[in-house]
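# Structural description and commentary
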Amino acid sequence: MDTRRYAIGVDVGGSHISCKTYDLVERVLLENSFCSIKIDHSGTREEILNRMEELLNPVLQDIYIQDLAGIGFAMPGPFDYVNGIAQFSGENAKFIHLNQVNIRKELSIRLEIEEEKIRFINDATAFAIGEFFNGELRNSSKSLAITLGTGFGSAFLSNGIPVITENTVPKEGCLWHLPFESGIGDDYFSTRGLVNRFESSAHLKVQGVKQIAELYNSHASAQQVFDDFGKKLAQFLTPWIKSFEVDALVIGGNISKAFSLFQDPLEQELRKQDIKLKTESSQLLEDSAFIGAAVLLEEGFYSSIKDQLKYM
């Protein structure tokens, strides 16, 4: 057996931290390896690190140490992905009490594994890489992955390698900050944007996108808001799809669960812009982030992307 066969992929969210174990040889997630634990992003440094330890210690007990390649974290930014140091600051920042904490060092001590076996990557990029290895972006040479939910995440990949600094992609290789209509992409292509537009049109309060989707067949405003979403998303993405010569687009995040309701207007608008590409919703969803984080422990792949980490 390969002595560094298993990697743990960890996805850090605002309310939960979850993980799955990935077999780097067979390139599959291990069945029944999912673990998740609630986390309070406003908790103290010790509370958050304790929760990470609580999640990972039992998982590590199930893997022979000689079989462990390491642990990869899909982390939201801002974060120093090279050195494993949190950079969460600002009034509304999540994990504010981790600011300037060297998470790699802290977890190395707590989990008793070498620092070099703990690696980090941006969560939206982890999703894209997971889709490239095991999902809808396999065999794609120029990929775009977007995650639509609380926020608007994105990553451009060239043969699986993140592209961040080239002039064919927007600044920082992401789309959320780009101007759109009266705000930015993150305002429009997110849960709050979709909910706000529906409530304004329908004069009806809803809990989230799932509830709007359930009203699709009975409420004109629900149909209108999804039609608008697909069409506007295509218009927003078009310049970068053309610039980067994207050949495959995958959509993840909670809004992607309603993909069938905005797929047609999205694809119709792309065709109007003379764009032909494979457009799919993620079937792996959160599993993509686990895979994208775990493959950081595959040495050949890591050496090909580590120079990009400092730009994330």
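Structure: above.
What comes next concerns the included structure. Nothing here was measured: the structure is a model prediction, and the numbers come from that model.

So, on to the pattern of salt bridges. This model, assessed by the stated rule, comprises 20 salt bridges. Across the salt bridge formed by Glu106 and Arg45, the nearest N and O atoms sit 2.4 Å from each other. Highlighted residues: Glu106 in helix H2 (residues 103-111) and Arg45 in helix H1 (residues 45-61), separated in sequence by 61 residues. The shortest N-O distance in the salt bridge between Glu199 and Lys205 comes to 3.6 Å. By relative accessible area, which is 16% here, Glu199 ends up buried. One continuous salt-bridge network, built from bridges that share partners, spans Arg45, Glu46, Glu53, Glu106 and Arg110.

Let us now look at the packing of aromatic side chains. Taken as a whole and assessed by the stated rule, the structure comprises 20 aromatic pairs. Taking the centre distance of 6.0 Å and the plane angle of 80 degrees together, the rings of Phe132 and Phe133 count as edge-to-face. Judged by relative accessible area, which is 11%, Phe133 ranks as buried. Taking 5.0 Å as the distance between ring centres and 70 degrees as the angle between the ring planes, the aromatic pair formed by Phe229 and Phe262 counts as edge-to-face. Placement of Phe229 in helix H7 (residues 220-244) and of Phe262 in helix H8 (residues 259-272) is noted, with a sequence separation of 33 residues between them. Across the pair, Phe262 and Phe229 agree in class, each one buried. Each member of the aromatic cluster is reached from another via a ring pair, and the members are Phe152, Phe180, Tyr188, Phe189, Phe229, Phe236, Phe259 and Phe262.

Rules behind the numbers
- Residues numbered from 1 in each chain as written.
- Predicted model: local features only at pLDDT ≥ 70, side-chain atom pairs only at ≥ 80, totals over all residues.
- Heavy atoms only, no water.
- Salt bridge = Lys/Arg side-chain N within 4 Å of Asp/Glu carboxyl O.
- Helix = DSSP H or I, 4+ residues; strand = E, 2+ residues; numbered from the N terminus.
- Buried < 20%, exposed > 50% of the residue type's maximum accessible area, 1.4 Å probe, protein only.
- Phe/Tyr/Trp six-rings, centres within 6.5 Å; stacked < 30°, edge-to-face > 60°.

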